[in-house]
Amino acid sequence: MDELSIILIRGIGSGSVFALLAMSLNVIFNASGILNFAQGHLLVVAGVLAFLWYPEGGGVVIWLLCLLAVAAGMAVLTGFQGLLTLLPLRSSVEQHSWIVTTLAASIITGALVTLSMGPNALSVKNPFGTFSFAGTQVPYIYLGLIALTVIVYLALRWFQRTFLVGLALSALSQDLEAARAAGAATRQLQVLSFAIAGVVLGLTGFLGASVIGISESNALQYLIFGFIVAVVGGLGNNTGALIAGPIFGVLLMYVTYEWGNQLQTPLAVAVIVAVLMLRPQGIFGRPHARRV
């Protein structure tokens, strides 16, 4: 019973990271139709910034200032990457240069992280300590990640339904060509979607840096798991990501506890294959109407 409780809380906490990654993928996908393959490495960059910027012995105020600084820095970096990705796309996302561009950004970012910080995982201090649960010590950060997932989900929902810019981003997800014909500044809005995704990655990487592996070698795994959560939840559907992320995290934690890390990736592939065979649009996604 104690083991099951630990699997649940750690699984939901780590699954929250995958849910946040999936939401950041969804924000860009809804606005541009692009899947940003660099987002696993950008999450690692946010963790590296947490390692470099958070001072020893800093209080809550310093921690919050560093959190906001990392979120702002990641917004600028990801927005710039988005601008470079979108530049070759003249008028339609049916061009596929974004695949090469985002893969190149992923590889270059990973190389820079390795050159500057080395290949080993960075040890980032846990600023909030642990609490006793089922006879073991669990970092408070797991609870923070769960709370951050809900906050980001509600914030994105509020932004997209309240502000004119948010409504315009929603319009892009409905019909890009119609939004462009109506006079929406589609290119600027798409760059903004990259910046918003950068904020989500910055918050996630900084908060979770002490409980996730911050190294270049883990970036691809984060991207794959975030992508699986996005697809299983329904690509572009943040509600699906919010639900699918913790479930997927608990499943991975249970497999790791019972059979070890080596079965994580096969399980992840099995999950996405099974879901796509039964519901190609994802569990919470809707089939797209086909124009005739």
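**Student:** How would you sum up the overall build of the protein? Please name residues and give values.
**Tutor:** The secondary structure content of the protein amounts to 11 helices and two strands. When the helices and strands of the protein are listed from N to C terminus, the series reads α-α-α-α-β-β-α-α-α-α-α-α-α. Since a compact globule built from 292 residues should have a radius of gyration of about 19 Å, the 19 Å found for the protein is in line with a globular shape. Looking at the protein as a whole, 46% of its 292 residues are labelled buried. Nonlocal contacts in the protein, meaning residues at least 24 apart in sequence, comprise 77% of its contacts between residues at least 6 apart.

**Student:** Kindly report on the nonpolar core, identifying the contributing residues and their values.
**Tutor:** Core analysis: the biggest nonpolar cluster contains 66 residues, and Phe206, Ile214 and Phe248 have the highest contact counts within it. Residues contacting Phe206, with those up to four places away along its chain left out, are Ala46, Ala50, Tyr54, Trp63, Cys66, Leu67 and Val70. With eight residues, the next largest nonpolar core counts Ile28, Leu89, Trp98 and Phe194 among its residues.

**Student:** Got a sec to walk through helix α5 (residues 140-162)? Specific residues and values, please.
**Tutor:** The first and last C-alpha atoms of α5 sit 32 Å apart over 23 residues, in line with the 33 Å expected at 1.5 Å per residue. Of the residues making up α5, those classed as buried are Ile141, Tyr142, Leu145, Leu148, Thr149, Val152, Tyr153 and Leu156.

**Student:** Please provide a residue-by-residue account of the packing of helix α10 (residues 238-259) against helix α11 (residues 264-278), values included.
**Tutor:** At a minimum axis distance of 10 Å, the contact between α10 and α11 shows a crossing angle of 140°. Classified by the angle between their axes, α10 and α11 sit oblique to one another. Between α10 and α11 lies a crossing of right-handed hand. Contacts from Phe248, Leu251, Leu252, Val255 and Thr256 of α10 reach α11 at Gln264, Leu267, Ala268 and Val271. Grouping the constituent residues of the contact of α10 with α11 by class yields seven nonpolar, two polar and no charged.

**Student:** Describe the side chain of Gln190, with residues and values.
**Tutor:** If you trace the backbone, Gln190 turns up in helix α8 (residues 186-208). Of note is the side chain of Gln190, whose polar atom sits 3.2 Å from the backbone oxygen of Ala31. Discounting chain neighbours no more than four positions away, the residues touching Gln190 are Ala31, Ser32, Leu86, Leu172 and Leu176.

**Student:** Go over the environment of Gly58 with me, naming the residues and quoting the values.
**Tutor:** By secondary structure assignment, the location of Gly58 is in the loop between α2 (39-53) and α3 (60-86). Gly58 sits in the partly exposed class, given a relative accessible area of 21%. Once the C-alpha coordinates of Gly58 and Ser106 are considered, the two residues, 48 residues apart in sequence, prove to be 32 Å apart.

**Student:** Lay out the pairing of strand β2 (residues 136-139) with the relevant residues and their values.
**Tutor:** One ladder, built from four bridges, connects strand β1 (residues 130-133) with β2; its direction is antiparallel. Residue pairing across strands places Phe133 opposite Thr136, the latter belonging to β2. Linking β1 to β2, which pair antiparallel, is a turn of two residues; within it Ala134 sits at a positive phi near 55°.

**Student:** Kindly report on the packing of aromatic side chains, identifying the contributing residues and their values.
**Tutor:** One pass over the structure, following the stated rule, counts 10 aromatic pairs. Between Phe131 and Tyr140, the ring centres sit 5.0 Å apart and the planes meet at 40°, which makes this aromatic pair tilted. Arranged with centres 5.1 Å apart and planes meeting at 85°, the rings of Trp158 and Phe163 form a pair that is edge-to-face. Among the aromatic side chains, those forming a connected cluster through ring pairs are Phe18, Phe225 and Phe248.

**Student:** Describe in detail the packing of α5 against helix α6 (residues 164-174), supporting the description with residues and values.
**Tutor:** α6 packs onto α5 with a crossing angle of 95° between their chain directions and a minimal axis gap of 5 Å. Taken together, the axes of α5 and α6 lie roughly perpendicular to each other. Contacts from Phe159, Gln160, Arg161 and Thr162 of α5 reach α6 at Leu164, Val165, Gly166, Leu167, Leu169 and Ser170. Split by residue class, the contact of α5 with α6 holds five nonpolar, four polar and one charged.

**Student:** I'd like a description of the environment of Ile9, backed by residues and values.
**Tutor:** Topologically, Ile9 is positioned in helix α1 (residues 2-32). Take Ile9: its relative accessible area is 14%, and that puts it in the buried class. On a C-alpha basis, the gap between Ile9 and Val255 in space is 15 Å, while along the polypeptide they are 246 residues apart. Excluding anything up to four places from it in sequence, Ile9 contacts Phe131, Phe133, Val138, Tyr142 and Leu143.

**Student:** Break down the side chain of Asn26 for me, with residues and values.
**Tutor:** With respect to the element layout, Asn26 can be found in helix α1. For Asn26, the side chain forms a polar contact with the main-chain nitrogen of Gly236, separated by 2.8 Å. The residues touching Asn26, leaving out its near neighbours within four places in the chain, are Ala230, Leu235, Gly236, Asn237, Asn238 and Ala241.

**Student:** Which residues make up α2, and what are the values?
**Tutor:** Its 15 residues give α2 an end-to-end C-alpha distance of 21 Å, which sits within 8% of 21 Å, the value for a rise of 1.5 Å per residue. The buried count for α2 comes to 12 of 15 residues, which makes it a mostly enclosed element. Within α2, burial applies to Gln39, Gly40, His41, Leu42, Leu43, Val44, Val45, Ala46, Gly47, Val48, Leu49 and Ala50.

The rules behind these values
Residues numbered from 1 in each chain as written. Predicted model: local features only at pLDDT ≥ 70, side-chain atom pairs only at ≥ 80, totals over all residues. Heavy atoms only, no water. Helix = DSSP H or I, 4+ residues; strand = E, 2+ residues; numbered from the N terminus. Rg over C-alpha atoms; globule rule 2.2 N^0.38 Å. Buried < 20%, exposed > 50% of the residue type's maximum accessible area, 1.4 Å probe, protein only. Contact = heavy atoms within 4.5 Å. Core = buried A, V, L, I, M, F, W, Y, C linked by side-chain atoms within 4.5 Å. Expected span 1.5 Å × (residues − 1). Axes fitted to C-alpha atoms, helices over the stretch in contact; angles between N-to-C directions. Parallel < 35°, antiparallel > 145°, perpendicular 65-115°, else oblique. Left-handed = near helix turned anticlockwise from the far one by under 90°. Nonpolar A, V, L, I, M, F, W, Y, C, P; charged D, E, K, R; others polar. Polar contact = N/O pair within 3.5 Å; in protein donor to acceptor, adjacent residues only side chain to side chain. Pairing = 2+ DSSP bridges. Phe/Tyr/Trp six-rings, centres within 6.5 Å; stacked < 30°, edge-to-face > 60°.

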